[in-house]
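Given next are the chains, with one letter for each unit.
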Amino acid sequence: MASRTAGRTDTGTRTRLEPWQAGLVGGVAGGVAFGAMMTMTMGPIIEMAIPGMYGLGPSLAVGWAIHMLNSIVLGVVFGALLGTTGFGNRLGSNASIAAAGLAYGIVLWLVLASFVMPAWVGAMTEMAPPVPDWNGQSLLGHAVYGVILGLAYALIART
């Protein structure tokens, strides 16, 4: 006598994003939020300092483009770090990944915004920002970037 065994077949059509791709999307989301904050509270930085780092004249559009490119690259790095280390899977909740994003944003502020950027701007332009540049608004912007990056990563990579 023949028997039949029923098996579960997954027929979903949704494509799961790789961790670096989730980081890219999170970088865009965080970059837009941080860029809006920067435009409203630190206009000269996005309009003059960021383009000036690349030898370009003042331009809000160019500053935004460079800021978004940086946000995307740093988001991809975040996603790749969480994905390759497995850390993203070991974190138990979306809030934990958002906290990891917050920590990442603070590290970016500490290293890149406080030391690298002011030194680079000083070398490439006539501006002379202090090194380190402990700007509280910049810290807040980087923290917001990191939290949004982490939340977006959690919602995209873990679904």
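Each remark here, short or long, concerns the structure printed above.
Keep in mind that this is a model prediction, so the values were computed, not measured. (Residues numbered from 1 in each chain as written. Predicted model: local features only at pLDDT ≥ 70, side-chain atom pairs only at ≥ 80, totals over all residues. Heavy atoms only, no water.)

(A) Here's a closer look at the side chain of Ser114. The topology assignment puts Ser114 in helix α5 (residues 94-124). For Ser114, a relative accessible area of 0% puts it in the buried group. Setting aside chain neighbours within four positions, we find Ser114 in contact with Trp109, Val131, Pro132, Asp133 and Trp134. (Helix = DSSP H or I, 4+ residues; strand = E, 2+ residues; numbered from the N terminus. Buried < 20%, exposed > 50% of the residue type's maximum accessible area, 1.4 Å probe, protein only. Contact = heavy atoms within 4.5 Å.)

(B) How the structure looks around α5. Helix geometry: α5 is bent most strongly at Val116, by close to 30°, with proline Pro118 lying one to four residues after it. Taken together, the buried positions of α5 are Ile97, Ala98, Ala100, Gly101, Tyr104, Gly105, Leu108, Trp109, Ala113, Ser114, Pro118 and Val121. (Bend = angle between axes of the 7 residues up to and from the residue.)

(C) Region of interest: the nonpolar core. Judged by nonpolar contacts, the single largest core of 19 residues is most densely connected at Met38, Phe78, Ile97 and Tyr153. For this core, the elements supplying multiple residues, two or more each, are α1 (19-41), α2 (43-52), α3 (60-85), α5 and α6 (136-157). Top contributing element to this core by residue count: α6, with five residues. Residues within four places of Phe78 in sequence aside, it is in contact with Ile97, Ala100, Gly101, Tyr104, Leu149, Gly150 and Tyr153. (Core = buried A, V, L, I, M, F, W, Y, C linked by side-chain atoms within 4.5 Å.)

(D) Main features of the packing of aromatic side chains. Counted according to the given criterion, the structure contains five aromatic pairs. An aromatic cluster of at least three residues, connected via ring pairs, comprises Phe78, Tyr104 and Tyr153. (Phe/Tyr/Trp six-rings, centres within 6.5 Å; stacked < 30°, edge-to-face > 60°.)

(E) Up close: the environment of Val32. Positionally, Val32 belongs in helix α1. A C-alpha to C-alpha distance of 8.6 Å links Val32 and Ser71, two positions 39 residues apart in sequence. Those residues in contact with Val32, other than ones at most four positions away along the chain, are Trp64 and Met68.

(F) A look at unusual backbone geometry. With an omega of 0°, the peptide bond between Val131 and Pro132 qualifies as cis. Checked against the element boundaries, Pro132 lands in the loop between α5 and α6.

(G) Region of the structure containing α2. Every buried residue of α2 is listed here: Ile46, Ala49, Ile50, Pro51 and Gly52. Summarising the contacts, the buried residues of α2 are in contact with α1, α3 and α5.

(H) Broad picture of the environment of Trp20. Among the structural elements, Trp20 can be located in helix α1. A sequence separation of 59 residues divides Trp20 from Gly79, and the C-alpha atoms of the two residues are 4.3 Å apart. Dropping the residues within four chain positions of it, Trp20 is found in contact with Val76, Gly79 and Ala80.

Any functional reading would require information that these geometric values do not contain.
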